[in-house]
Amino acid sequence: FGRMKPVIVVHGGAGRIFKEREEGSRAGVVRAALQGYGILKQGGSALDAVEEAVRSMEDDPHFNAGCGSVLNEKGEVEMDAIIMDGKNLDSGAVSAVKCIANPIKLARLVMEKTKHMLLTDHGAHLFAQAMGIPATPGENLITERSRERWKKNLEPDSNPEEFQKDLGTVGAVAIDSEGNVACATSTGGLSNKLIGRVGDTACIGSGGYADNRSGATSTTGHGESIMKVVLARLILYHMEQGMSPEMAADTALDYMKTRVGGLGGVIVVNNSGEWAARFSTKQMSWATVKDDQLHYGIYAGERHTRSIDEALTSESEGF
């Protein structure tokens, strides 16, 4: 009964990352991975690590989750989030929630404090109140950039689809020293989406899935396509058939592309601690820490490696 070496992998969304946002996206996923890994190194749970990593990205306006979320057709933020525990397949999710800073925390409470798995909109709001989560005024979550984009998309000759390629769901997967796996995913959804639209993120098996028997995965990309192929569960199915995380991810992404024309990205960790970060979009910001080594990238084939000590030093100095 050897203790597992902990591993965390995070993503900051697949799509198109504009040049001026690259540095912020890189720094944001690295920070999230280091924070999650800090918890794992102290013997903390995979569940706590993925929640903390995602919370870190929700609070970072570079990402389309929490503060910085894109706006729906009415100019409001509506967010979805999910968390899942690979030990017993417990999961908690929220969808179409407004006016809360960290939907991932609310998803965790749904998992632990109710008999349900998914609460939506007004009901989720009432539950947050009952749990003593302070309401955040909606405008506090809206960045200048999100408002600009929303306005642009309202113009008669605009094509919101163009902007939706820069998606930026955030997610994390981890395995802890006990060998438990977990996943967490959070998003503001699609820019100028219909009121009440819920994408893949809040849906178990699509936006994420975790099972100690195989591993954990969190997805990002075109939500409707991800839901059609139940992408997260499909990846774990391929791993159950003996594929490596990388092979399983590529096979599932390829199927989504050929079958429904959808693009996306995924992060995966299997139950022996092997990991992958793969995407069919132009870019996906990702970072991972394993064996005290940090790896991160945005472009296909890009992979920077630093020792964790070096990373933590430059983290405290601010990239």
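Structural notes, computed from the coordinates. Source: prediction; values computed, not measured.

What counts as what
Residues numbered from 1 in each chain as written. Predicted model: local features only at pLDDT ≥ 70, side-chain atom pairs only at ≥ 80, totals over all residues. Heavy atoms only, no water. Pairing = 2+ DSSP bridges. Helix = DSSP H or I, 4+ residues; strand = E, 2+ residues; numbered from the N terminus. Axes fitted to C-alpha atoms, helices over the stretch in contact; angles between N-to-C directions. Contact = heavy atoms within 4.5 Å. Buried < 20%, exposed > 50% of the residue type's maximum accessible area, 1.4 Å probe, protein only. Core = buried A, V, L, I, M, F, W, Y, C linked by side-chain atoms within 4.5 Å. Phe/Tyr/Trp six-rings, centres within 6.5 Å; stacked < 30°, edge-to-face > 60°.

Further remarks concern the sheet that holds strand S3 (residues 90–97). Taken together, 9 strands build an open sheet; the order of strands is S4-S3-S2-S6-S5-S1-S11-S12-S13 and the sheet is mixed. Two strands close off the open sheet at either side, each with one partner strand: strand S4 (118–120) and strand S13 (304–307). Between one strand and the next, the sheet's axes are offset by a mean angle of 10°, whatever the strand orientation. Both strand S2 (residues 79–85) and S3 contribute to a ladder of 6 bridges, which runs antiparallel. Within S3, the position partnered with Met 79 by the bridge is Val 97. The strands that helix H3 (residues 103–113) touches are S2, S3, S4 and strand S6 (181–187); relative to S3, the one it contacts most, it runs at about 135°. Lying over the sheet, helix H4 (residues 121–130) contacts S3 and S4, oriented at roughly 105° with respect to S4.

What follows concerns unusual backbone geometry. Of all residues except glycine, most have a negative phi; of all peptide bonds, most are trans. Despite not being glycine, Leu 89 has its phi angle at roughly 65°, a positive value. Structurally, Leu 89 is set in the loop between S2 and S3. Residue Leu 89 is classed as partly exposed on the basis of its relative accessible area, which comes to 35%. One non-glycine residue, Asp 121, lies in the positive phi region at around 40°. The topology assignment puts Asp 121 in helix H4. Residue classification places Asp 121 among the partly exposed residues on the basis of a relative accessible area of 36%.

To continue, consider the nonpolar core. Of all hydrophobic cores here, the largest spans 50 residues; its most connected members are Ile 8, Val 10, Ile 83, Leu 106, Ala 287 and Val 289. Residues within four places of Ile 83 in sequence aside, it is in contact with Leu 47, Val 50, Glu 51, Asp 90, Ser 91, Gly 92, Ile 104, Ala 107, Arg 108, Met 111, Cys 183 and Ala 184. By size, the runner-up hydrophobic cluster in this structure holds 33 residues, among which are Val 7, Ile 226, Leu 234 and Met 284.

What follows covers the packing of aromatic side chains. By the definition in use, this model includes 1 aromatic pair. Ring centres 5.5 Å apart and planes at 40° place the aromatic pair Trp 275 and Trp 286 in the tilted group. Here Trp 286 lies in strand S11 (residues 283–290) and Trp 275 lies in strand S10 (residues 275–279), a separation of 11 residues in the sequence. Side by side, Trp 275 and Trp 286 carry an identical accessibility label, which is buried.

That is the geometry; function is a separate question.
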